[in-house]
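Residue-level structure breakdown
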Amino acid sequence: MASTLAKHLLPSSLLPTCNNSTQSPKHHPSAAAAAFRSHFHGLKLSISTTPSSSGLTSSKTSLLLLTVVAGKVNKGSVPPSFTLKDQDGKSVSLSKFKGKPVVVYFYPADETPGCTKQACAFRDSYEKFKKAGAQVVGISGDDAASHKAFAKKYRLPFTLLSDEGNKVRKDWGVPSDLFGTLPGRQTYVLDKNGVVQLIYNNQFQPEKHIDETLKLLQSL
């Protein structure tokens, strides 16, 4: 399914239709432009309307592939702080990790195939993260009990935080996938000063998050 989704940008039913009927210019201000961004990662749909010499409006539609959908947190910025419960029910604040690099990865849900694969990949490379002096923190909307069972089942050695209600996800601007139906899978690497040095988004290749974050950490 992932490969099928990757090959199709946008269903034809969601593309704007061209209407050639005569319309009054007052309904289409000169050089009016509207841009719509899909929740599907990497897709931007831009629609611009400009008046023609006959007074009618024409539309130009362009589909652009983007490597990263920009959110509220950008490279070089300091993300909003948070305090969330970990898998043991203890409160953990982002400020706790200041002074050392930290990998914060948002994932859709415990026990799903992609999220399990990603968590186990972080587990299997955990010694490499420790060698780089970095902490790993996973965040999803699952509650602490779910995180505890998930961590125990797969022997995850790192912290899982419960973002019930997805407040932190929204504060950080993590984009959704599949037109808003699937919580995004996005990883941030913060340096020892708490500044974002990498933002990586890849829903359908969860293990690549580990490769990309380790590359960055080894260069810090």
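Residues numbered from 1 in each chain as written. Predicted model: local features only at pLDDT ≥ 70, side-chain atom pairs only at ≥ 80, totals over all residues. Heavy atoms only, no water.

Describing the packing of aromatic side chains
By the definition in use, this model includes 12 aromatic pairs. Measuring from centroid to centroid gives 6.0 Å for Phe-82 and Trp-172, while their planes differ by 50°, and the two rings are tilted. Here Phe-82 is found in the loop between β3 (57-65) and β4 (83-86), whereas its partner Trp-172 is found in helix α5 (residues 167-172), with 90 residues between them in sequence. The pair Phe-82 / Trp-172 is uniform in exposure class, with both members buried. In this structure an aromatic cluster arises from ring pairing among Tyr-105, Tyr-107, Phe-122, Tyr-126, Phe-129, Phe-150, Tyr-154 and Phe-158. (Phe/Tyr/Trp six-rings, centres within 6.5 Å; stacked < 30°, edge-to-face > 60°. Helix = DSSP H or I, 4+ residues; strand = E, 2+ residues; numbered from the N terminus. Buried < 20%, exposed > 50% of the residue type's maximum accessible area, 1.4 Å probe, protein only.)

Structural notes on the pairing of strand β7 (residues 135-140)
Summarising burial for β7: five of the six residues are buried, a large majority. The pairing of strand β6 (residues 102-106) with β7 spans five bridges and is parallel. Within the sheet, the bridge partner assigned to Phe-106 lies in β7 and is Ile-139. Crossover connection from β7 via helix α4 (residues 144-154) to parallel strand β8 (residues 159-162): handedness right-handed. (Pairing = 2+ DSSP bridges. Right-handed = clockwise from strand over helix to strand, strands pointing away.)

Here's the deal with the sheet that holds strand β9 (residues 186-190)
Strand order in this open sheet of seven strands is β5-β4-β8-β7-β6-β9-β10, and the pairing throughout is mixed. Of all strands in the sheet, those bounded by a partner on one side alone are β5 (91-93) and β10 (196-201). Averaged over all adjacent pairs, the angle separating strand axes in this sheet is 30°, with direction ignored. With four bridges connecting them, β7 and β8 associate as parallel partners. (Axes fitted to C-alpha atoms, helices over the stretch in contact; angles between N-to-C directions.)

Some thoughts on the nonpolar core
With 24 residues, the main nonpolar core has Tyr-105, Phe-122, Phe-129, Val-136, Leu-156, Phe-158 and Leu-160 as its most contacted residues. For this core, the secondary structure elements donating two or more residues are β6, α2 (113-124), α3 (126-131), α4 and α6 (208-219). Looking at this core, the element that brings in the most residues is α2, giving five residues. One finds Val-73, Val-168, Val-174 and Ile-199 within the second-largest nonpolar core, a separate group that totals 19 residues. (Core = buried A, V, L, I, M, F, W, Y, C linked by side-chain atoms within 4.5 Å.)

Digging into α2
Taking 1.5 Å per residue, 12 residues should reach 16 Å; α2 reaches 16 Å between its end C-alpha atoms and fits that length. Regarding α2, the residues found buried are Cys-115, Thr-116, Gln-118, Ala-119, Cys-120, Ala-121 and Phe-122. Where α2 is buried, its residues touch β6, α3, β7, α4, β9 and α6. (Expected span 1.5 Å × (residues − 1). Contact = heavy atoms within 4.5 Å.)

A few points about the environment of Ile-139
Here Ile-139 shows up in strand β7. Separated by 29 residues in sequence, Ile-139 and Asp-110 have C-alpha atoms that sit 9.8 Å apart. Residues in contact with Ile-139, not counting those within four places in the same chain, are Phe-82, Leu-84, Val-104, Tyr-105, Phe-106, Tyr-107, Leu-161, Asp-163 and Arg-169.

Topic: the pattern of salt bridges
Inspection of the entire model under this criterion finds six salt bridges. The partner of Asp-88 in a salt bridge is Lys-148, and the shortest N-O contact between them spans 3.0 Å. With Asp-88 in the loop between β4 and β5 and Lys-148 in helix α4, this residue pair connects regions lying 60 residues apart in the sequence. Here Asp-88 falls in the partly exposed class, since its relative accessible area comes to 48%. (Salt bridge = Lys/Arg side-chain N within 4 Å of Asp/Glu carboxyl O.)

Overview of the environment of Cys-115
Looking at the secondary structure, you find Cys-115 in helix α2. Assessed through its relative accessible area of 1%, Cys-115 is described here as buried. Between the alpha carbons of Cys-115 and Pro-206 there is a distance of 7.1 Å; along the sequence they are 91 residues apart. Leave out the neighbours within four places in its chain, and Cys-115 touches Tyr-107, Pro-108, Ala-109, Phe-150 and Arg-185.

Things to note about the side chain of Gln-87
Structurally, Gln-87 is set in the loop between β4 and β5. Assessed through its relative accessible area of 12%, Gln-87 is described here as buried. At 3.1 Å, the side chain of Gln-87 forms a polar contact with the backbone oxygen of Phe-158. Polar side-chain contacts of Gln-87 include one of 2.9 Å to the backbone nitrogen of Leu-160. Not counting the four nearest positions on each side in its chain, Gln-87 is found in contact with Ala-144, His-147, Lys-148, Ala-151, Phe-158, Thr-159 and Leu-160. (Polar contact = N/O pair within 3.5 Å; in protein donor to acceptor, adjacent residues only side chain to side chain.)

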